[in-house]
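The chain contents come next:
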Amino acid sequence: PTATLSITNTPVTYTGGEHSAVIDISDSSTPGSIANVVNGTHTDAGTYAVTADFVPTDEDNYNIVTDISAGNFVIEKAVPVITWNDPADIDYGTQLSETQLNAEADVAGTFNYDPGLGAILDVGTTIPLKVTFTPDDEVNYESVDKTVHINVHPTPGSVTTSVPFDITTSSVKAGGVVVSDGGVDITNRGVCIKTTIDPALGDTCLSDSNPGDAFTVEFFGLESGTGYYLRAYVTNSEGTTYGDNEFFTTLATHTLTYTAGDNGSLTGDTIQTVDHDSDGTPVTATGDAGYRFVKWSDESTENPRTDTNVTEDITVEALFEEIPDGICMNPEEIDDLPYTHEGSTVDRDSAIDEYDDTSCGGDGYYPSPDYVYSITLEAGDKIEIILTPEPTFDAILMVVGACSNDYQECLGFSDGGAEGEVETIVYEALEDETIYIIVEGYDGTSGDYTIEVNTWVDETPDDDDEFGDDDEYPDDTGDTGDTGDTGDTGNTGDTGDTGDTGDTGDTGDTGDTGDTGDTGNTGNTGDTGNTGDEISDDDEDSDLDEEKLPSKKKSGCSLIVI
């Protein structure tokens, strides 16, 4: 026989339970029934091919037809049920969160939102929010989408206030950064300023219309040294909002006041107004005749004085003192010779510190207190300088050609290296010049002293012997030695003829010329003029052990010639 089978209950939907195919004989050549259904019962969704046998009622005359296809039995995937309602309205700038994205499903699975968590929506109404649900059991459940809608309202904008910069005595630059426009167009933005907190529109404000979120304005005409508050603002259709307050103080102007004390004057602007942290202009202090500038009342010795990087008012007075003797600008002048001066370097400054270390001995650095003398010489003048310090004073004697605190070379130098030791320099000028005689102390020492300056007279004995051909002391010259007070008569007319016999005994009887030995201008007897020593009768028989020449003290440099 022939038979056609069909499934009458396909498709069915997955429910989690078994589903069985219901097979019907849609056509047959003889009556019969269905038996032995294969692949007709299932739980999971899917498409299943079902077969069955056709059993004729008249089995005696008909055979059983086996494995007849009944068609496909379909169990369709179930569709999850998503529950999600339209969220409440939000303000612009609100980030989407689980408050809005809160869909639920009746089966386990994953939600994928668009837009997602954290998104900020533009201002608008019925803005769609979509979710796609993917079930964990994708064999038996379909993925499903759902859409809801939300309204987003505009808000006032928001702005931050920038830190003020380029602050001067009367101006400042300020600004802000727009953080949010509130979802609508910004109609105004800028900065407000005043001396109390929370400046706002209605106070002094400047606006900016340049593109971009950041903006800058500049205020002028501010009071110097005054505190101000600044706030940035932004305005849209929803209103005006402000950033935080920023406080600053304009730079102060400072007054520089310079005055002159007694015995001096100032040149330059003596009253100056300068901006904070800027510089003044030079002011020079000049002493009156016989006076010099010492210092300013704030202990500064700068002259001319220029105050720089001023941060406060300054009021100072220039102080002057009488120019002391014995410094470079007012040396002790030696006009006549012989010259003697009792001086001291105690409580004095150092006129010269730096000397040539070759011509001036040591390392050339002598910062000790000193005393300065000057003398003007003509070419050929020759002088002897004798420095006698007190016993506890280790003095140094120098001669220089110029006097300043700069580096100096020595024309003469004497340092015996001991306290109380006499220092001597003999100096001859080869041209007209002024020289400076410096009394220094060793290694910062100071003390009292006596200085002598004399004309140097060279000694040249007659022939081979100071006392003539007989090599002995004339008897009568011993008597004349006792009359030393009349030595100045050596130039008298009475002795003019005795010049060649000044060493002989006969001249001793002249009485008036007894001290011709001191009259260096009397004929040849002038050779004895520098002896300065008297010869008595008691010395008649003594031997002459040493020529009596001018005393020459121990010195580091006994003669310097330029």
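The rules behind the values
Residues numbered from 1 in each chain as written. Predicted model: local features only at pLDDT ≥ 70, side-chain atom pairs only at ≥ 80, totals over all residues. Heavy atoms only, no water. Helix = DSSP H or I, 4+ residues; strand = E, 2+ residues; numbered from the N terminus. Buried < 20%, exposed > 50% of the residue type's maximum accessible area, 1.4 Å probe, protein only. Contact = heavy atoms within 4.5 Å. Areas by Shrake-Rupley, 256 points an atom, 1.4 Å probe, with all protein chains shown as cover. Disulfide = S-S within 2.5 Å. Pairing = 2+ DSSP bridges. Polar contact = N/O pair within 3.5 Å; in protein donor to acceptor, adjacent residues only side chain to side chain. Salt bridge = Lys/Arg side-chain N within 4 Å of Asp/Glu carboxyl O.

Asks: Can you walk me through the overall build of the protein in this structure?
Replies: On a plain count of helices and strands, the protein comes out with 1 helix and 38 strands. Scored against the burial criterion, the 562 residues of the protein give a buried share of 38%. Taking as baseline every contact in the protein between residues at least 6 positions apart, the subset at least 24 positions apart corresponds to 65%. Summing over all exposed atoms, the protein offers an accessible surface of approximately 29,400 Å²; the carbon and sulfur share of this is 42%.

Asks: Honestly, the environment of Glu-419 in this entry has me stumped. Any pointers?
Replies: With respect to the helices, strands and loops of the structure, Glu-419 is situated in the loop between strand S34 (410-414) and strand S35 (423-428). Given the relative accessible area of 54%, Glu-419 is considered exposed. Along the backbone, Glu-419 and Asp-394 are 25 residues apart, and their C-alpha atoms lie at a distance of 3.9 Å. Leave out the neighbours within four places in its chain, and Glu-419 touches Pro-391, Thr-392, Phe-393 and Asp-394.

Asks: Would you mind showing me how to read the state of the cysteines here?
Replies: One way to say it: the disulfide is the covalent bond shared by the sulfur atoms of two cysteines. Applying the stated rule across the entire model yields 3 disulfides. For Cys-328, the disulfide goes to Cys-403, at an S-S distance of 1.9 Å. The S-S bond linking Cys-328 to Cys-403 shows a torsion near -70°; that makes this disulfide left-handed. Of this pair, Cys-328 sits in the loop between strand S28 (314-322) and strand S29 (332-334) while Cys-403 sits in the loop between strand S33 (395-400) and S34, placing them 75 residues apart in sequence. The disulfide partner of Cys-360 is Cys-410, and the S-S distance across this bridge is 2.0 Å. When the S-S torsion is 115°, as for the bridge of Cys-360 with Cys-410, the disulfide is right-handed. Taken together, the residues Cys-360 in the loop between strand S30 (339-344) and strand S31 (371-377) and Cys-410 in strand S34 connect sequence positions 50 residues apart. Here the cysteine-cysteine linkages of the protein are recorded as 1-2, 3-5, 4-6, numbering only bonded cysteines and doing so in sequence order.

Asks: Is there a simple way to think about unusual backbone geometry in this case?
Replies: Excluding glycine, a negative phi dihedral is what most residues carry, and trans is how most peptide bonds are arranged. In this model, Asp-114 is joined to Pro-115 through a cis peptide bond whose omega is -5°. The residue after Asn-303, namely Pro-304, is reached through a cis peptide bond having omega 0°. In this structure, Pro-304 sits in the loop between strand S27 (291-296) and S28. Residues other than glycine seldom take positive phi values, yet Asp-166 does so here, at roughly 50°. Positionally, Asp-166 belongs in the loop between strand S15 (158-161) and strand S16 (172-180). Overall, Asp-166 belongs to the partly exposed group, its relative accessible area being 45%. Of note in the backbone geometry, Asp-198 takes a positive phi value of approximately 60° without being a glycine. Relative to the helices and strands, Asp-198 is located in the loop between strand S17 (186-194) and strand S18 (204-207). Exposure remark for Asp-198: the relative accessible area of 37% places this residue in the partly exposed category.

Asks: How should the environment of Ala-21 be read in this particular structure?
Replies: Mapped onto the fold, Ala-21 is located in the loop between strand S3 (19-20) and strand S4 (23-28). In the structure, Ala-21 is positioned 18 residues away from Asn-39 in sequence and 8.6 Å away in space, judged by C-alpha atoms. When sequence neighbours within four positions are dropped, the list of residues in contact with Ala-21 reads Ile-7, Asn-9, Gly-40, Val-50 and Phe-73.

Asks: Explain the pairing of strand S21 (residues 239-242) here, please?
Replies: Remember that side chains alternate between the two faces of the sheet whenever the strand is regular. Sheet topology note: the strand S20 (residues 227-236)/S21 ladder contains 4 bridges and is antiparallel. Counterpart to Tyr-233 in the pairing with S21 is Tyr-242. Taking the residues between adjacent antiparallel strands as the criterion, S20 and S21 are bridged by 2 residues.

Asks: Could you clarify how one ought to interpret the side chain of Gln-272 in this entry?
Replies: Mapped onto the secondary structure, Gln-272 falls in strand S25 (residues 271-275). Judged by its relative accessible area of 6%, Gln-272 is buried. Side-chain polar atoms of Gln-272 contact the backbone nitrogen of Thr-281, separated by 2.8 Å. Excluding its chain neighbours within four sequence positions, the residues that come into contact with Gln-272 are His-254, Thr-255, Leu-256, Tyr-258, Gly-280, Thr-281 and Val-283.

Asks: It is not clear to me how the pattern of salt bridges should be interpreted in this structure. Could you clarify?
Replies: A side chain with one charge can pair with a side chain of the opposite charge if their charged atoms come near. Evaluated as defined, the whole model comprises 9 salt bridges. When the shortest N-O distance is used, the salt bridge between Glu-299 and Lys-295 registers 3.0 Å. Residue Asp-298 is joined to Arg-305 by a salt bridge in which the shortest nitrogen-to-oxygen separation is 2.7 Å. Note on Arg-305: relative accessible area 3%, which makes it buried.

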